[in-house]
Amino acid sequence: MSPASPRSFFDKVWDDHVVADLGDDAWLMHIDRHFLHELSGAVSFKGLDDAGRTVRHPELSFATIDHVVATEPGRGRSSRIPGGIDFMSGLAAGVARHRIRFFDVGDSRQGIVHVIAPELGAALPGLTLVCGDSHTTTVGGIGAMSWGIGSSDGEHVLATQTLVISRPKSMRVNFDGRLTHGVYAKDMVLALIAAIGADGGIGHAVEFAGEAVRALPIEGRLTICNMAAEMSARLGFVAPDATTLAFLHGRTYAPKGALWQSASDYWLSLASDEGAAFDREVRLDCNTLAPQVTWGTSPEHVVAIDAVVPRADAARDETGRRSRERALAYMDVAPGQALQSLPITGAFIGSCTNSRLDDLRSAAAVLRGRRVADGVRAICVPGSTAVKHAAESEGLAAVFISAGFEWRESGCSLCMSAGGESFARGSRVISTTNRNFEDRQGPRVRSHLASPATVAASAVLGRVADPRPLLAH
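I will try to describe carefully the structure that is included in this document. (Residues numbered from 1 in each chain as written. Predicted model: local features only at pLDDT ≥ 70, side-chain atom pairs only at ≥ 80, totals over all residues. Heavy atoms only, no water.)

**Considering the sheet that holds strand S9 (residues 169-176)**
Next, step 1: Reading across from one edge, S11-S10-S9-S12 is the order of the four strands in this open sheet, with parallel pairing throughout. Of all strands in the sheet, those bounded by a partner on one side alone are strand S11 (235-237) and strand S12 (280-285). Sheet twist, expressed as the mean angle between neighbouring strand axes with direction ignored, is 20 degrees.
Next, step 2: Both strand S10 (residues 204-209) and S11 contribute to a ladder of three bridges, which runs parallel. When the sheet's bridge partners are listed, Ala205 is paired in S11 with Leu235. (Pairing = 2+ DSSP bridges. Helix = DSSP H or I, 4+ residues; strand = E, 2+ residues; numbered from the N terminus. Axes fitted to C-alpha atoms, helices over the stretch in contact; angles between N-to-C directions.)

Right, dumping it as structure tokens:
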């Protein structure tokens, strides 16, 4: 009998979840976990109820409030957007009818769905997980195969615990070397998107690997997988290892007792075999990587913090050139202009990309003993209620407040003005979020994406700023 061909992490997890090959590259897959929030979840429940269907496995679904809920202190179940309270009430009614776990406002487990899924151990290595949000790729950071779906697909999962999908191609991104002080996972993934483009991952399941990835804490891996969506990848993940096991051990919904050992053995067996084939391989050297910041209106419009705004004709093609020209005009920047010359009026630390405890620690390391510059509105929104409470216990919240940041309740908030809040029209802000699209954080607001440390440094200096000099003292 000939030995089995080497398989990648993706091959192994995919094969373990195929229910049926339907032909024409349509595969019926078992879905292990389904997360719902008040926007897509409320719509999925309505479709399910209108069709007279029930939830097949309510114990495999989880729901939370995060997208449209206000984040100001003392908020309750309130929203700044028209109809926001109706979305929250619709989700609450649906989970009650169908007996689904629900982390409502006021629950200590509430938070941004992609933050609480790994935090609670509801997302686990080797599982398939879906949610009605494009950044569901985030939880690939703990070794789940996770992706975003629409409301109708959400209805299908509720009714059948399966989903029909096509099989993506495979890609491995190797981050070689080690990060230097003041450079983070956000810088790694921004540099990657700059290198391969916002469409560089189309149709691919992407494994993030290499020495720099293995050295990251789980929070950093989650950040990289979060922005797999910004390179248009279908999936993004890091194969589980000892760091993954240490993070998950003792989590609320993680296996316990004898089941932990058998689960751990299985998870570690999922690592890509030596010699596993990939449709595409990419390498990025992290040894000399500097903090990164976006200058335009696409996550691929990225340069090092000490660089200048590039010319439009430096784009890869004509479409890219036109995109850059529009971005230069919208962002009110000029080719050759130093990024660090740009004054800001807003700073935001939060979102499913960078709102975990490790993110807040890196920002607090910059802010400690310093104050936000005059004229800058700075806001920090923890990614979950658990993160908020931990940050308060650790003294991080006091650092943010003393520095002049607004300290909020957990939610998506100003990631996309989902809670109805925005920065002032025409503001230039620096943000830890994942998208810098036009009007994303408010009408005519110009958003620059960066790491939490870079955002904190910029808030202190009142301009786009390199965090490394501030971390050196």
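From this point, the discussion proceeds with the structure in view.
**Brief notes about the environment of Ala472**
Next, step 1: In this structure, Ala472 sits in the segment after helix H16 (468-471).
Next, step 2: Its relative accessible area of 58% is what places Ala472 among the exposed residues.
Next, step 3: C-alpha separation for the pair Ala472 and Thr64, spaced 408 residues apart in sequence, amounts to 40 Å. (Buried < 20%, exposed > 50% of the residue type's maximum accessible area, 1.4 Å probe, protein only.)

**As for the packing of aromatic side chains**
Next, step 1: One pass over the full model with this rule turns up eleven aromatic pairs.
Next, step 2: Ring plane angle 10 degrees and centroid distance 5.0 Å describe the contact between Phe35 and Phe62, whose orientation is recorded as stacked. Pair noted here: Phe35 is in strand S3 (residues 33-36) and Phe62 is in strand S4 (residues 61-64), with a separation of 27 residues, a long-range link.
Next, step 3: By relative accessible area, Phe62 is classed as buried at 2%.
Next, step 4: Cluster of aromatic residues (ring-pair linked, three or more members): Phe9, Phe10, Trp14, Trp27 and Phe237.
Next, step 5: Across the ring face of Phe247, the terminal group of Arg251 is positioned such that the distance to the ring centre comes to 4.0 Å. (Phe/Tyr/Trp six-rings, centres within 6.5 Å; stacked < 30°, edge-to-face > 60°. Lys NZ or Arg CZ within 6 Å of the ring centre and 35° of its normal.)

**Description of the pairing of S4**
Next, step 1: On S4, burial covers both faces: Ser61 and Ala63 on one face and Phe62 and Thr64 on the other are all buried.
Next, step 2: Where S3 meets S4, three bridges bridge the pair, whose relative direction is parallel. The partner of Phe35 across the bridge, within S4, is Phe62.
Next, step 3: In this region the chain leaves S3, passes through helix H2 (residues 40-50) and returns to the parallel neighbour S4; the handedness of that crossover is right-handed.
Next, step 4: Alignment of S4 against strand S5 (residues 101-103), held across three bridges, turns out to be parallel. Note on S5: the bridge partner recorded for Ala63 is Phe102. (Right-handed = clockwise from strand over helix to strand, strands pointing away.)

**Points about the pattern of salt bridges**
Next, step 1: Inspection of every chain in the model, using the stated rule, returns 31 salt bridges.
Next, step 2: Among the salt bridges present, the one from Arg408 reaches Glu406, with a minimum N-O distance of 2.9 Å.
Next, step 3: Judged by its relative accessible area of 3%, Arg408 falls in the buried class.
Next, step 4: Take Glu406: its relative accessible area is 26%, and that puts it in the partly exposed class.
Next, step 5: Overlapping salt bridges, with partners in common, bring together Arg7, Asp11, Asp15 and Arg167 in one network. (Salt bridge = Lys/Arg side-chain N within 4 Å of Asp/Glu carboxyl O.)

**A word on the state of the cysteines**
Next, step 1: For the coordinates displayed, the defined rule picks out zero disulfides.
Next, step 2: Cysteine Cys286 is unpaired, with the sulfur of Cys225 as its nearest cysteine sulfur at 14 Å.
Next, step 3: For the unlinked cysteine Cys412, the closest cysteine sulfur is that of Cys415, found at 6.5 Å.
Next, step 4: Look at Cys412 and you get buried, because its relative accessible area is 9%. (Disulfide = S-S within 2.5 Å.)

**Thoughts on the pairing of strand S15 (residues 346-349)**
For a regular strand, the rule is simple: side chains alternate between the two faces of the sheet.
Next, step 1: Taking every second residue as pointing to the same face, both faces of S15 are buried, with Gly346 and Phe348 on one and Ala347 and Ile349 on the other.
Next, step 2: Sheet analysis places S15 next to strand S16 (residues 377-380), joined by four bridges and oriented parallel. Looking at S16, one finds that Ala347 is bridged to Ala378.
Next, step 3: Two elements, S15 and strand S18 (residues 428-431), share three bridges in a ladder whose sense is parallel. Looking at S18, one finds that Gly346 is bridged to Val429.

**Re the side chain of Thr137**
Next, step 1: Along the chain, Thr137 turns up in the loop between strand S6 (128-131) and strand S7 (145-148).
Next, step 2: Not counting residues up to four positions away in its chain, the partners in contact with Thr137 are Ser146, Cys225, Asn226, Ala228, Ala229, Arg234, Leu235 and Gly236. (Contact = heavy atoms within 4.5 Å.)

**Remarks on the nonpolar core**
Next, step 1: By size, the foremost hydrophobic cluster in this structure holds 48 residues, and its most contacted members are Leu360, Phe400 and Phe405.
Next, step 2: Breaking this core down by element, the ones donating at least two residues are helix H11 (318-331), S15, helix H12 (357-367), S16, helix H13 (385-394), helix H14 (396-403), helix H15 (452-461) and H16.
Next, step 3: Excluding its chain neighbours within four sequence positions, the residues that come into contact with Leu360 are Ile349, Ser355, Cys380, Pro382, Val387, Ala391, Leu396, Phe400 and Trp407.
Next, step 4: Listed in part, the 29 residues of the second largest apolar core include Met188, Cys225, Val238 and Leu284. (Core = buried A, V, L, I, M, F, W, Y, C linked by side-chain atoms within 4.5 Å.)

**Some thoughts on the sheet that holds strand S2 (residues 26-30)**
Next, step 1: Read across the open sheet, the three strands follow the order S1-S2-S8; overall the sheet is antiparallel. What marks the edges here is a single partner per strand, and that holds for strand S1 (18-23) and strand S8 (162-165). Averaged over all adjacent pairs, the angle separating strand axes in this sheet is 20 degrees, with direction ignored.
Next, step 2: The sheet contact formed by S2 and S8 spans four bridges and is antiparallel. Its bridge partner being in S8, Met29 is matched across the sheet by Leu163.

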